[in-house]
Each structure stands twice: as structure tokens, then as C-alpha cells.
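Structural description and commentary
So you can see what is in the structure, the chains are spelled out below.
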Amino acid sequence: MSQLRVRFAPSPTGYLHVGGARTALFNYLLARQQGGKMILRIEDTDVERSTQESVDAILQAMDWLGLDYDEGPFYQSERFDHYQAKVQQLLDEGKAYRCYCTTEELTVKRELAMKLGQKPKYDGTCRERADQPAGQPCVIRFKAPPEGDTGFFDQIKGPIVFDNEELDDLIIQRTDGTPTYNFVVVIDDAEMGITLVIRGDDHINNTPRQIQLYQALGYPVPEFAHVPMILGADKARLSKRHGATSVMAYKDEGYLPEALLNYLVRLGWSHGDDEIFSKAELIKLFSLKSVGKSAGVFNPEKLLWLNSHYIKTGDPVRLGAILCEHLTATGIDTSFGPDPAAVVKTLNERAKTMVEMAASAAFYYRPELEYDSEAVAKFLTADHQPVLDLLLHKLEACSDWTHDGIEAVFKGVMAASGLKLGKIGPSVRVALAGGTTSPGIYEVLEVLGKEESLRRLRIGINKIV
Ligand code: GLU
């Protein structure tokens, strides 16, 4: 069997959306599983709508997801001369023709066909035309076989056949001389040696046309697998009104790439009842045979659940770096203050996103705390002063600034004062964190370090009036 060669071929007319990311992921997984090659091709033939900004956004998103490729990125806009030569080849071989029908003429014909209840289709007026009216604009059309059928075996959907009568003579070159998607995709997939085309099932109707072009150009036809769409909860195609659809928006919202990948692969693919898969496991287990034929419904709660799983189990050093990015984005300087990995360990059980974690972690890095005035009024009061003074005194003398060492100090203070942790804890928490919610007191003290903890305690005590 020849080596598997797959490709991801986004059009740079916007950011990378989750549907595109899933297609890229399926390609990637199979390439890695089978020792094949993954090619990235930027389909920028639509010069009007393609932008460098979108190219950058797509590359950035692929990078963030860790979907690396072996060849590319290739740019179709750099191959226009080559496509033109191929158009000429089809013209020379009598497999394509110039069509001078104007848009107005075509509109009239289309409307008439619709009125008669017929499927609108190019009627072939210019198909056998021999003259070439000088200076008149024209498109180039492919001379599609008028009879018979064109079929293929889709690796996800099974056998699919189209009646050739349904397919009209496709435009392969526009009036302005630029080639069209269905034409260039065939040339590139063939010349890049693609053996399996995995793409969204919105392209299914293009596939028979492309197969006819492969045949006309004398190329071997690859295999195809069309991935079902992603729908929103209301069963409409996933769009912005369902929430974020851009991969990088998920990054900004504090999702981890492994959570998004895990979520996207499960949307339409299953392996028993398993939900959690590392990339290595996916590379081992993924199969197009277990991809469902119908559309998957995007479920934000499940993505959130996976995200909290990966936050809980992720490497604190790596998560610490991500945490700092989010803190920096909110204007917090993390160059001073506690080790981010240590901070992560105090928050990873509860935070569902890294944005949530950053909100909870901010107090660690704020030299000037924002105090919750209600909490101050309730817990930093004169009746708390004696025990806080005693605690401060004992902590100043503490030489074992570890969770256990700090706990021992607290136990001593509790015994001496006859107060339970439930009585002392809230005041200490307000002094250290500014409010009544924070990770465990001993952890916070340990992570803040002795000097900063004592500084905050003193400030807290000074607030007592
Ligand atoms: N450029 C096409 C798109 O973004 C993909 C074409 C393909 O995969 O064949 O929809």
C-alpha cells in the first residue's frame, strides 16, 4: 500500500473555526497513526476574500493546537501560472471550452428553468461553439460527461453516486482569468500526491465534479472521507450566535488545547464509552470507521468538563506559564510574587478555565489588595485583634514555612486561644486575599511566602478600628 498523504486545505477568509480544526485533527491523527504525511495548503485563489491576517490566524491556531504538518504551507496564489497551463491543456484536448454567455443571459435562463420546475443548470449554449468573438469576456467551462453517473466510496458515508445529468459544465476559470476552487483543488491534490481527502461534508456535492476533472486531467482519483458538520444545540449549523466558533477565542477564554482537541475528536467519533484521550491515545485509536455519518451537536458543558479535567491533571509548570499569560492580559504583573506552578496547585481543583483560575489567582500577585469592604467590616474587627496579634507573633517566629509547619503554628494558636479554625480562618483570609474566598489558608500562606504573608497580616491587623 502506498504511503498515506493527507492534507488540510483552509481558505484564509477568516479565523480557524472549530469545524475546520476538527477536519485538520482527523487528517493529523491518521497521518501520525499510519506514518503518513500531513500537508498544509492555503487555498487563497479567491484574492478578494483571502487575507494575510487570516493566514496568520490559521497558522497560529494550528500551532496552538499542536497540529503540526510535514509539508507546506503551500499557497495556491503562487501557482496561478501552473493552473493556467492546465486550463490550456483541457482547452487543447477539447475537454474545456470558452463560454461567452453573459450573467444576464444566464440569470434569465435560470429563472425560466425554475419556473418550469426544472433544476437550473447551464444549458451548454457555448459547448460546441466554434467562433471566438474577439475582445469579448469569457469564462472557461469544463465539458462534463453528459450521461452516466459518477460515484465514489466515501470512507465515512459509504457509497455515493451522482447522476451526471445533475452536474453541469463547471466554470474552471473566471472572466478575470483566475481559476476556481474545484479545478485547482484537483490539480493540487493530484500533484501533491494526496491519497485520501478528508474534508467537511459541505463539499460532498463538489466531489463528483472533481472526480470528473481528475479523469479529464489524467490523474489517479484519491479516496474521500467527508466529515459531518457541527451543529449548535438548536440543530442549526454552528455559528457565532451559539458562542465562540474560533479556535483562538477558546484560547482567550481559558481553554487548554488538549481539552478542545479531545472534545472535537469525540464530537462524531467514539471508542466505547471512553471520554478522555491523550493525543498519543488518539493517534493509536482513531479510525474513520468509527466516525458517525450524521452531524454532531456542540455541547459547551462537555467541553468545559474536559477543560477542568485537563486543568486538574495538567503539569503545573506548563499551566503556570498559561496562567501568567492570562494574568498579564488583565494587567497584572507576575514578574514578582509566588511561583506560578505553586499557585496553580492551589487552584487547579476548582478552576474550570484558565481565565477563571487567573481571576482567583490575581490576589497572589497584587501588591495592593482590593479589599472586600463587607468582609473587612465583618472579620477584621476588634474582637479578632488578640488572636491575630498572637498568630502574627507566632508566624514571625516560625522557622518551618511549609504547609505542615504553618499548620503546627495555627494548632498552637488555636490551643492557646481556645478558638477553632472556623473563627480565626476568615479574618486571616481577608488579610491575605482581600476577601472571603481563597484556597486553603495554609496553602496560601505557604505559597505567598513568609515575608509577604506577614506583610499582609500586618496590613490586615492595621485595618482593625
Ligand atoms: N478550501 C476549502 C474550504 O476551506 C477546503 C477544500 C477541501 O478540503 O477540498 O472549505
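Read on for a plain summary of the structure. Sequence order as written defines the numbering, with residues in each chain counted from 1. In view of the model being predicted, local features appear only for residues whose pLDDT reaches at least 70, and side-chain atom pairs are presented and counted only at 80 or more, with totals across whole chains, interfaces and linings using the full set of residues. To obtain the side-chain values, all non-hydrogen atoms of the structure were used and water was disregarded.

Thoughts on the nonpolar core
Membership of the largest hydrophobic core comes to 104 residues, with the highest contact counts inside it found for Leu 264, Phe 298 and Tyr 364. With nine residues, helix α1 (residues 18-33) is the single largest residue contributor to this core. The term nonpolar core refers to a set of buried residues drawn from Ala, Val, Leu, Ile, Met, Phe, Trp, Tyr and Cys, joined through side-chain atoms within 4.5 Å. Only protein chains enter the accessibility calculation, which uses a 1.4 Å probe. A residue is then buried if its area is under 20% of the maximum for its type, exposed if over 50%, and partly exposed in between. The next biggest cluster of nonpolar side chains, apart from the first, holds 31 residues, and it includes Tyr 83, Ile 160, Phe 183 and Leu 217. Helix and strand definitions here come from DSSP, where helices need a minimum of 4 consecutive H or I residues and strands a minimum of 2 consecutive E residues; each element is numbered from the N-terminal end.

Description of the sheet that holds strand β4 (residues 96-99)
One requirement defines pairing of two strands: DSSP has to find at least two bridges between them. Spatial strand order, β4-β5-β8: three strands in an open sheet with antiparallel pairing. In this open sheet, the two strands that pair with only one neighbour each are β4 and β8 (171-173). Averaged over all pairs of adjacent strands, the angle between strand axes in this sheet comes to 45°, irrespective of strand direction. Two elements, strand β5 (residues 139-142) and β8, share two bridges in a ladder whose sense is antiparallel. In the strand pairing of β8, Ile 140 is matched with Gln 173. Only C-alpha atoms enter the line fits that serve as axes; for helices the fit covers just the stretch in contact. Angles between N-to-C directions range over 0 to 180 degrees.

Quick notes on helix α18 (residues 441-448)
In terms of burial, α18 is a largely internal element, six of the eight residues being buried. Residues of α18 that are buried: Ile 441, Tyr 442, Val 444, Leu 445, Val 447 and Leu 448. Two residues qualify as a contact provided that any one of their heavy atoms is within 4.5 Å of a heavy atom in the partner residue. On the buried face of α18, the contacting elements are α12 (340-347), α13 (354-365), α16 (403-417), α17 (421-433) and α19 (450-462). Where α18 terminates, the next one or two residues include Gly 449, which has phi positive at roughly 90°.

Worth remembering: the numbers are spatial, not functional.
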